[in-house]
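Below are the chains, spelled out letter by letter.
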Amino acid sequence: AVVSTQSTGFNALFTTTALISYPDYVFLRSVLLRPDDLSVQSFQMLDLNLDGQVTPDEYYDLYKMFTKNDETSDPSVHLKTTLRVLLFDRDDSGSIDLEKFGNLLRDVQTNCLQAEFNRFRSKDSEDDRISVQGFMRAVLRRTKVTPIQRARFIDKSEVYKAIDEVSFDQFKSMIALINNFSDFEVAVRMYQIAKKPLSKAVFKRAAYVCSGEVLDDTIIDLLFFVFDEAGDGHLSHSEFVNVMRKMETSVSSAQKAKDDPGSIGLGSYFRKCIRNEMIKLYA
């Protein structure tokens, strides 16, 4: 793929001419499944000599892990993928520091979230917004609620009239909470022990403490409307935390499977992506 090293950030990874290898794919999936506060640890795992820089040699040690052959880590024997050019320049003279690594994570996460967000946009929508029902579907797809529970939550969102649409920034803040939900559960545990429900003010403060994002009041109102089964204006532990905990277990299980380089599921996802792109190309 032809990639300009002068492009802003890592958005070139999401162009139609971008090219990544299977090791690139495994690398991106593994770091994206980790919360933001573990980015330093992820970087240090790549930085083998702990000098604050990841070199092409260190990065291509990944290829030994994720390929069947036993080639050396000499970058010259590997395909120059889009990610490789962005990280190390065309002649492999560059290196990655922690700041560049953080930029990679932020750009890839934002583009992945934008792609997911766009899946729930109506075709005739010109604004960067999705319906309330689309927003709830995006949230609930991360849980293990039963189809009956999911349908009930979606039905409740359909009768919610305070807002009609959700912006990308509001969606992004909610996903930040979901990705850091284990910290959220710790933050509100005292209310569980005291058998006290969560008020909207406590919910908003706990969400900010664990994710660094300020949830919009309209999103909090929507969550309380949908998950408040008792209709008392508060959320009990069973009404919200238990539902999201199922999501946390789902994400953790998926991560455990995908962290295995030999995972059939991970390889099949990559092959499916290649097959779909070839169908588009030759259709």
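See above for the structure.
Figured I'd write up the structure that's included with this text. (Residues numbered from 1 in each chain as written. Predicted model: local features only at pLDDT ≥ 70, side-chain atom pairs only at ≥ 80, totals over all residues. Heavy atoms only, no water.)

Structural notes on the nonpolar core
At step 1: Counting residues in hydrophobic clusters, the biggest one holds 44 residues, and the most contacted among them are Phe 135, Phe 184, Phe 203 and Phe 227.
At step 2: When contributions to this core are tallied by element, the ones reaching two or more residues are α6 (98–119), α7 (132–140), α8 (147–158), α9 (168–179), α10 (181–187), α12 (200–211), α13 (217–227) and α14 (237–258).
At step 3: Sorting elements by how many residues they give to this core places α13 first, with seven residues.
At step 4: Contacts of Phe 203, omitting those with residues within four sequence positions, involve Leu 177, Phe 184, Leu 198, Leu 215, Ile 220, Leu 223, Phe 224, Leu 235 and Phe 240. (Core = buried A, V, L, I, M, F, W, Y, C linked by side-chain atoms within 4.5 Å. Buried < 20%, exposed > 50% of the residue type's maximum accessible area, 1.4 Å probe, protein only. Helix = DSSP H or I, 4+ residues; strand = E, 2+ residues; numbered from the N terminus. Contact = heavy atoms within 4.5 Å.)

Describing the pattern of salt bridges
At step 1: Counted according to the given criterion, the structure contains five salt bridges.
At step 2: Asp 128 is the salt-bridge partner of Arg 121, the closest N and O atoms lying 3.8 Å from each other.
At step 3: For the salt bridge of Glu 229 with Arg 152, the shortest nitrogen-to-oxygen distance reads 3.0 Å. Here the residue Glu 229 occupies a position in the loop between α13 and α14, and Arg 152 occupies one in helix α8, the gap between them amounting to 77 residues.
At step 4: Residue class for Glu 229 comes out partly exposed when judged on its relative accessible area of 42%.
At step 5: Arg 152 sits in the partly exposed class, given a relative accessible area of 35%. (Salt bridge = Lys/Arg side-chain N within 4 Å of Asp/Glu carboxyl O.)

Some points on the packing of aromatic side chains
At step 1: Taken as a whole and judged by the stated rule, the model has 13 aromatic pairs.
At step 2: With centroids separated by 5.0 Å and ring planes inclined at 50 degrees, the aromatic side chains of Tyr 160 and Phe 225 adopt a geometry described as tilted. Of the two residues, Tyr 160 sits in the loop between α8 and β2 (165–167) while Phe 225 sits in helix α13, which places them 65 residues apart along the sequence.
At step 3: For Tyr 160, a relative accessible area of 11% corresponds to the buried category.
At step 4: The class for Phe 225 is partly exposed, based on a relative accessible area of 33%.
At step 5: For the ring pair Phe 227 and Phe 240, a centre distance of 5.3 Å and an interplane angle of 75 degrees mean the geometry is edge-to-face. Taken as a pair, Phe 227 in helix α13 and Phe 240 in helix α14 lie far apart in primary sequence, 13 residues in all.
At step 6: Judged by its relative accessible area of 0%, Phe 227 is buried.
At step 7: Ring pairing ties together the aromatic residues Phe 153, Phe 181, Phe 184, Phe 203, Phe 224, Phe 227 and Phe 240, which thus form one cluster.
At step 8: Taking the ring centre of Phe 153 as reference, the NZ or CZ of Arg 152 above it sits at 5.3 Å. (Phe/Tyr/Trp six-rings, centres within 6.5 Å; stacked < 30°, edge-to-face > 60°. Lys NZ or Arg CZ within 6 Å of the ring centre and 35° of its normal.)

Re the side chain of Lys 156
At step 1: Along the polypeptide, Lys 156 turns up in helix α8.
At step 2: The contacts of Lys 156, once residues within four sequence positions are left out, are Phe 225, Val 226 and Asp 228.

Regarding a nonpolar patch on the surface
At step 1: A surface patch of nonpolar side chains, amounting to about 310 Å² of accessible area, comprises Tyr 208, Val 209 and Val 214.
At step 2: Tracing the chain through its elements places Tyr 208 in helix α12.
At step 3: Tyr 208 gets classed as partly exposed once you look at its relative accessible area, which sits at 46%. (Patch = residues over 30% accessible without salt bridge, like charges linked within 9 Å, V, L, I, M, F, W, Y side chains within 5 Å. Areas by Shrake-Rupley, 256 points an atom, 1.4 Å probe, with all protein chains shown as cover.)

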